[in-house]
Amino acid sequence: MTRKLFIAGNWKMNLDLASATALAEGLKKAMQGIQDVDVAVCPPNVYLHAVATVLEGSNIAVGAQNAYFEKEGAFTGETGMRMLKDVGCRYVILGHSERRHILHESSELINLKVHAALEAGLIPILCVGELLAEREAGTTDLVNRRQFEGSLSGVSADEMKKIVIAYEPVWAIGTGKVATPEQAEEVHAALRALIAERYNAEVAETVRIQYGGSVKAENSRDILSKPNVDGALVGGASLKVDSFMGIINGR
Ligand code: PEP
């Protein structure tokens with residue numbers, strides 16, 4: 001089975017209203033006629049509606065970077081999944097390492113968010129990845145397995161087929177230190193084997209696994225050419241039309 005490549009830009013807490021909409025306009029133009037890759041951008045929540053309005057009818061989808069699991073109510077400062085859907089989101093990134101390690105989100109909390117996203121009709125982009133110390137201690141597979149199982153507890157096979165996994169080694173995020181294509185492929189293959197073990201071969205063959213961590217045009221082609229790498233989650237290089245399109249066009 002051939003899985004369609006999926007490249008998503010995580011804008012993190014960057015840009016302002018004018019630069020976010022200008023970036024969306026530029027990408028929309030540059031993406032015209034490109035059909036063989038799925039592309040999404042994930043702006044800060046406060047700019048989602050404006051960016052989704054610019055991208056309406058285009059071949060670029062919109063995702064959020066996080067949301068809360070409760071449907072509505074007294075949760076000051078939080079954003080619900082249905083709200084994301086309401087303003088035009090298709091995806092929501094969950095369990096990004098910055099949320100796991102800076103905001104101290106547990107896999108249990110992320111699991112509640114995964115279920116809430118699926119219930120709202122959003123596609124979770126679930127991030128997993130090890131710290132440098134964990135890699136050096138030889139526990140990469142164990143850490144990813146723990147994050148995978150904790151974050152996806154109770155997810156059915158049909159639901160799993162819709163979910164996108166992003167393998168993001170924490171030591172490679174925003175550091176300029178990209179994993180080698182071989183390192184990425186090794187973990188992606190292990191994650192796919194884990195999906196086959198937890199579900200079945202068909203689900204494992206369906207799920208797209210993105211790589212994330214200092215991806216840029218100069219290194220993306222080799223990583224994306226690996227058989228178990230089905231796309232990229234891109235931070236820094238997604239903030240400019242040229243650098244993001246360089247990854248999309250360089251595949
Ligand atoms: C990310 O934001 O998920 C990411 C991988 O960032 P960067 O590409 O900047 O390392």
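Analysis parameters
Each residue is numbered by its place in its chain's sequence as written, counting from 1. In keeping with the predicted nature of the model, local features appear solely for residues at pLDDT of at least 70, side-chain atom pairs appear and are counted solely at 80 or more, and the whole-chain, interface and lining totals rest on all residues. Excluded from the side-chain calculation are hydrogens and water; included are all heavy atoms of the structure. A fitted line through C-alpha atoms serves as each axis, taken over the contacting stretch for helices, and the angle formed by two N-to-C directions is quoted from 0 to 180°. In this description a helix means any DSSP run of H or I spanning at least four residues, a strand means any run of E spanning at least two, and both kinds are numbered starting from the N terminus. Here the word oblique covers every angle except those under 35 degrees (roughly parallel), over 145 (roughly antiparallel) and from 65 to 115 (roughly perpendicular). We call two residues in contact whenever any of their non-hydrogen atoms come within 4.5 Å of each other. Three classes are used, and their members are as follows: Ala, Val, Leu, Ile, Met, Phe, Trp, Tyr, Cys and Pro are nonpolar, Asp, Glu, Lys and Arg are charged, and the others, Gly among them, are polar. Using a 1.4 Å probe on the protein chains alone, a residue whose accessible area is under 20% of its type maximum counts as buried, one over 50% counts as exposed, and one in between counts as partly exposed. Handedness is read with the strands pointing away from the viewer; a crossover is right-handed when the path from the first strand over the helix to the second is clockwise. In short, DSSP must find at least two bridges between two strands for them to pair. Think of a salt bridge as a Lys or Arg side-chain nitrogen and an Asp or Glu carboxyl oxygen that are within 4 Å of each other.

Would you take a moment to explain the packing of helix 5 (residues 107–120) against helix 7 (residues 140–151) for this structure?
Each packed pair of helices is defined by two parameters, the angle between the axes and the distance between the axes. Contact geometry for helix 5 and helix 7: axes closest at 7 Å, N-to-C directions at 45°. Relative to helix 7, the element helix 5 is oriented oblique. Contacts between helix 5 and helix 7 involve S107, I110, N111 and V114 from the first element and R146, Q147, G150 and S151 from the second. Of the residues belonging to the contact of helix 5 with helix 7, the class tally is two nonpolar, five polar and one charged.

Help me out: how do you make sense of the pairing of strand 4 (residues 91–94) in this one?
Within a regular strand, the side chains alternate between the two sheet faces. Residues Y91 and I93 of strand 4 are buried on one face, and the alternating residues V92 and L94, pointing to the opposite face, are buried as well. With respect to chirality, the unit in which strand 3 (residues 60–64) leads through helix 3 (residues 81–86) into the neighbouring parallel strand 4 is right-handed. Both strand 4 and strand 5 (residues 123–128) contribute to a ladder of four bridges, which runs parallel. Looking at the pairing, I93 lines up with I125 of strand 5.

Would you take a moment to explain the pattern of salt bridges for this structure?
Where charged atoms of side chains with opposite charge meet at close range, the side chains can pair. Inspection of every chain in the model, using the stated rule, returns 15 salt bridges. Two residues, E98 and K12, come together in a salt bridge whose shortest N-O distance is 2.8 Å. Placement of E98 in helix 4 (residues 97–101) and of K12 in the loop between strand 1 (5–10) and helix 1 (17–30) is noted, with a sequence separation of 86 residues between them. With a closest N to O distance of 3.6 Å, E182 and K226 form a salt bridge. With E182 in helix 9 (residues 181–198) and K226 in the loop between helix 11 (217–224) and strand 8 (231–234), the pair connects residues that are 44 residues apart, well separated along the chain. Taken together, the shared-partner salt bridges connect R3, R192, E205 and D230 into one network.

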